[in-house]
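# Chain and residue survey
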Amino acid sequence: QLVEDVKCVLRVLVLYLPLPVWWALFDQTGSRWTFQATRMNGVVGNAGTIKPDQMQVINPLLILFLLPLFDKIIYPAFAKCNMLVKPLQRMTAGGILTASSFFISGFLELEMMKTYAKIPAVGFSDLHFMNNIPCHVSIQLTNGTGLIHEETINDLENMVLRDLEPGKYSLDMEVSSTCLPAILTKRTAQVEIMAHDKEVTPVFLGVDGGAVFPTVLDVHDDPEKDDGANGRL
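Residues numbered from 1 in each chain as written. Predicted model: local features only at pLDDT ≥ 70, side-chain atom pairs only at ≥ 80, totals over all residues. Heavy atoms only, no water.

### What to know about the overall build of the chain
Heads up, the rule is: By definition, any uninterrupted DSSP run of H or I lasting at least four residues is a helix, any uninterrupted run of E lasting at least two residues is a strand, and each is numbered from the N terminus. Within these notes, the globule rule equals 2.2 Å times the number of residues to the 0.38 power, and the radius of gyration is based on C-alpha atoms. Here the term buried applies to any residue with accessible area under 20% of the maximum for its type, exposed to any over 50%, and partly exposed to those in between, with areas from a 1.4 Å probe on protein chains only. Residue contacts are counted whenever heavy atoms from the two residues lie within 4.5 Å of one another. Computed by Shrake-Rupley with a 1.4 Å probe, the accessible areas treat only the displayed protein chains as cover when residues are assessed. The charged-residue count follows a simple rule in which Lys and Arg add positive charge and Asp and Glu add negative charge, with His and chain termini not counted at all. Where a charge lies is defined by one atom per residue type, namely NZ (Lys), CZ (Arg), CG (Asp) and CD (Glu).
Looking only at helices and strands, the chain has 5 helices and 8 strands in total. In the chain, the succession of α and β elements from N to C terminus is α-α-α-α-α-β-β-β-β-β-β-β-β. Compactness check: the chain gives a C-alpha radius of gyration of 29 Å against a globular reference of 17 Å for 233 residues, more than 25% above the reference. With respect to the three principal axes, the spread of C-alpha positions in the chain is 95 × 45 × 30 Å. Counting across all 233 residues of the chain, residues that qualify as buried make up 22%. A sequence separation of at least 24 residues applies to 59% of the contacts in the chain between residues at least 6 apart. A total accessible area of about 15900 Å² is found for the chain, and carbon and sulfur atoms account for 63% of it. Placing the 18 positive and 26 negative side-chain charges of the chain at their respective mean positions leaves the two points 15 Å apart.

Put into structure tokens, the structure is as follows:
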């Protein structure tokens, strides 16, 4: 009798093997999933905005709403096709749907990682060029060793130059003669830039009077997103 009882228990335990994994993942709805939601804007069309912590309230509401819906409509409809008749079948279907939701969350995180802040590592610095001129701007970045980087920035666009060594740089900017001929009288300018370790130094490329005028802003950029999931400048 003892041997038979042990066999019965082992057969039942097979059903419970996925439960620790399921609960470990489910509890992430109050941690990792909430953190993931803080990096999203939460806008649901015309319905408004959902805050990350408000999603925790929806779970018990969905239970109260879906229990009678499944019991009275969905399960009887599947029973007519001889599907989801037994409790074990329903548990299996629910487990598959739950696993699918975690895969969706994982793929969403992979896509969001492309928008995450890229903070300079120790021993490196970034330069953030903001072109406020409706012209293509050619820039040359040099230091004591010579030319470091040469780039053309499109009109009214930004560009981030990454992984530079901290130190002093010289920036030369130039605007073509065909752009804003009635306004610009001086199309070249130079400015000194001090790049600091683990910092993003913003450089504003604008116009002062009739001359192009690059300006190094005093406040460093903050690559982290704000509470509205918008990048900070």
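### Overview of the sheet that holds strand β4 (residues 158-164)
Applicable threshold: Two strands qualify as a pair provided DSSP detects at least 2 bridges between them. To obtain each axis, a line is fitted to C-alpha atoms, and for helices this fit is confined to the stretch in contact; angles are then taken between N-to-C directions over 0 to 180 degrees.
Spatial strand order, β4-β1-β7-β8: 4 strands in an open sheet with mixed pairing. The sheet terminates laterally at β4 and β8 (211-216), the two strands that pair on one side only. Across the sheet, the mean angle separating the axes of adjacent strands is 20° when strand polarity is ignored. Pairing geometry for strand β1 (residues 125-131) and β4, over 5 bridges, is antiparallel. The residue bridging Ser125 from the neighbouring strand is Leu164, located in β4.

### Digging into helix α5 (residues 87-112)
Convention followed: By definition here, a helix of n residues has an expected span of 1.5 Å times n minus one.
Spanning 26 residues, α5 covers 37 Å between terminal C-alpha atoms, matching the ideal 38 Å at 1.5 Å per step. Of all the positions in α5, only Thr98, Phe102, Ser105, Glu109 and Met112 are classed as buried. For α5, the elements touching its buried residues are α2 (18-26) and α3 (32-38).

### Re unusual backbone geometry
Residues other than glycine seldom take positive phi values, yet Leu84 does so here, at roughly 55°. Residue position: Leu84 is located in the loop between α4 (55-79) and α5. One non-glycine residue, Leu156, lies in the positive phi region at around 60°. For Leu156, the location among the structural elements is in the loop between β3 (146-153) and β4.

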